[in-house]
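Secondary and tertiary structure notes
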Amino acid sequence: MDIANYLYLSAALFTIGAVGVVVRRNAIVVFMCVELMLNAANLAFVTFSRLNGNLDGQVASFFTMVVAACEVVVGLAIIVTIFRSRRSASVDDASLLKR
Amino acid sequence: MLNLALQLGQTKTPEAILFWILAPMSVLAALGMLVVKKAVHSALLLAWIMISLAFFYIAQDALFLGIVQIVVYTGAVMMLFLFILMLVGVDASDSLVETIKGQRATSITAAIGFGGLLLSLIGRATVGHSAFGLAESNVKGNVQSLAESLFTKYVWAFEVVSALLITAALGSMVLAHSQKLKSRTLQRDLSAARFRGKSLSTAAGLPSSGVYARHNAVDVPALLPDGTPAPTSISATLKARGDMLDQKIFELEVKEVEED
């Protein structure tokens, strides 16, 4: 098995996550798809780290995880705030600027 | 020489088996995330993908990241997602109807193009060498080597990230904090409202639930003097949930008592 298979898998997961962000309506599901994209990028980091034989990729992946955790915390707080005022977690309902 | 290079670039058989079992399943789970209706199911599929990725990390000599992936992602992040789902409503299902015309077809076409671009780039890219592997870098152990580079070369980034974590925690607390817009209604206010309302029929409070010989619970309605059940004797929440007991059994018993 070629090590590039991990990169193919990472590309596939990233693309599927991107489709999810565009297609889904529920803000929480959109958020999960963003997480999927971050995870796919992490897999690419780890694979490149192994490919190049140094640990810099793993350190980058570690930082990505920390930033993703921050992003989840703040993003979910925003979703809760929006849900509290509008009783909906659908991204279509948050169209205040349109009207 | 070429053969040796090819061998180094190839992963060993157990890893190949692991990959070919877990990779298709995680891709299927990712596709499932796009089509399942309930957000909870999406969350479970995502948790599955994250666990598979943890296996891949460990298989690729990233032991620390594999463990962190399980602890941080499937442990903390997914738990947070499930908490928020509980808060927002577990059954808050997504309508899969397109609201913008042609958006789905366009996005899928774009995604196929993007994915094809990525795949072809990866397929054609050459790093100029076969995989080095991490045996050399991990001589002192993966965690020790990672810590060494984290606290020397990347110490500044590490500090910045710690500041980011604190900021995020504070920010989420500020965002999730809600101010009370009006004061709480006290028991005294409720009592005044009962007497100043339109009718005095509920001035003494709502009737309590039914008390029968065989049933004494909040989910059975009390009976009015004419034998009909009193709907106000059951909590509105129980009624909405459909947790009311059928009162017909009790009506019959009441008739028997009357005949006696």
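Right, let's walk through the structure included here. (Residues numbered from 1 in each chain as written. Chains lettered and ligands numbered in written order. Predicted model: local features only at pLDDT ≥ 70, side-chain atom pairs only at ≥ 80, totals over all residues.)

For chain A, the count of helices and strands is 3 helices and 0 strands. N-terminal to C-terminal, the α/β element order of chain A is α-α-α. Relative to its length of 99 residues, chain A is extended, with a C-alpha radius of gyration of 17 Å against a globular reference of 13 Å. Seen through its C-alpha atoms, chain A measures out along the principal axes to roughly 55 × 25 × 20 Å. Here chain A holds 99 residues, and the buried ones make up 56% of them. The long-range share in chain A, meaning contacts at least 24 apart out of those at least 6 apart in sequence, stands at 47%. (Helix = DSSP H or I, 4+ residues; strand = E, 2+ residues; numbered from the N terminus. Rg over C-alpha atoms; globule rule 2.2 N^0.38 Å. Buried ≥ 20, exposed ≤ 12 C-beta atoms within 10 Å, placed from the backbone. Contact = placed C-beta atoms within 7 Å.)

Helices that pack against each other are described as a pair by the angle of their axes relative to one another and the distance between those axes. Close contact between helix α1 (residues 4-23) of chain A and helix α2 (residues 13-35) of chain B brings their axes to 9 Å; oriented N to C, the two are set at 10°. With respect to α2 of chain B, the axis of α1 of chain A lies roughly parallel. Listed contacts from α2 of chain B to N5, L9, A12, L13, I16, V19, G20 and V23 of chain A of α1 of chain A are F19, A23, S26, V27, A30, L31, M33 and L34 of chain B. A per-class count over the contact of α1 of chain A with α2 of chain B returns 13 nonpolar, 3 polar and no charged. (Axes fitted to C-alpha atoms, helices over the stretch in contact; angles between N-to-C directions. Parallel < 35°, antiparallel > 145°, perpendicular 65-115°, else oblique. Nonpolar A, V, L, I, M, F, W, Y, C, P; charged D, E, K, R; others polar.)

Contacts between the two partners involve 62 residues from chain A, matched on the other side by 72 residues from chain B. Counting only elements with at least two residues in the side of chain A that touches chain B, the list comes to α1, α2 (27-52) and α3 (56-86) of chain A. The element best represented in the side of chain A that touches chain B is α3 of chain A, accounting for 21 residues. Taken together, the residues of the side of chain A that touches chain B sort by class into 42 nonpolar, 13 polar and 7 charged.

Moving on to the nonpolar core. In terms of nonpolar packing, the biggest core is built from 67 residues, with I28, M32 and L36 of chain A together with L46 of chain B touching the most fellow members. Elements represented by at least two residues in this core include exactly α1, α2 and α3 of chain A together with α2, α3 (39-59) and α4 (63-88) of chain B. Examining the composition of this core, we find that 16 residues originate from one element, α2 of chain A, more than from any other. Residue contacts for I28 of chain A: discarding those within four places in its chain leaves I79 and A89 of chain A together with A39, F81, I84, L85 and V88 of chain B. (Core = buried A, V, L, I, M, F, W, Y, C linked by C-beta atoms within 7 Å.)

Turning next to the environment of I112 of chain B. All names here are of chain B. With respect to the helices, strands and loops of the structure, I112 is situated in helix α5 (residues 103-124). On the basis of neighbour counts, which here come to 12 C-beta atoms within 10 Å, the residue I112 falls in the exposed class. It is 62 Å that separates the C-alpha atoms of I112 and L206, two residues lying 94 residues apart in sequence.

Residues and elements named next belong to chain B. Phi is positive for D61, close to 65°, though the residue is something other than glycine. Structurally, D61 can be placed in the loop between α3 and α4. Given 19 C-beta atoms within 10 Å, D61 falls into the partly exposed group.

This brings us to helix α6 (residues 142-151) of chain B. When α6 of chain B is considered as a whole, its buried residues turn out to be N142, S145 and L146 of chain B. Take α6 of chain B and look down its axis: the buried residues cluster within an arc of 100°, on one side only. What points out from α6 of chain B, more than 90 degrees from its buried face, is the exposed set V143, Q144, E148 and F151 of chain B. Packing partners of the buried residues in α6 of chain B comprise α3 of chain A together with α4 of chain B. (Arc of directions from axis to C-beta.)

So far we have only geometry, and geometry alone does not tell us how the molecule works.
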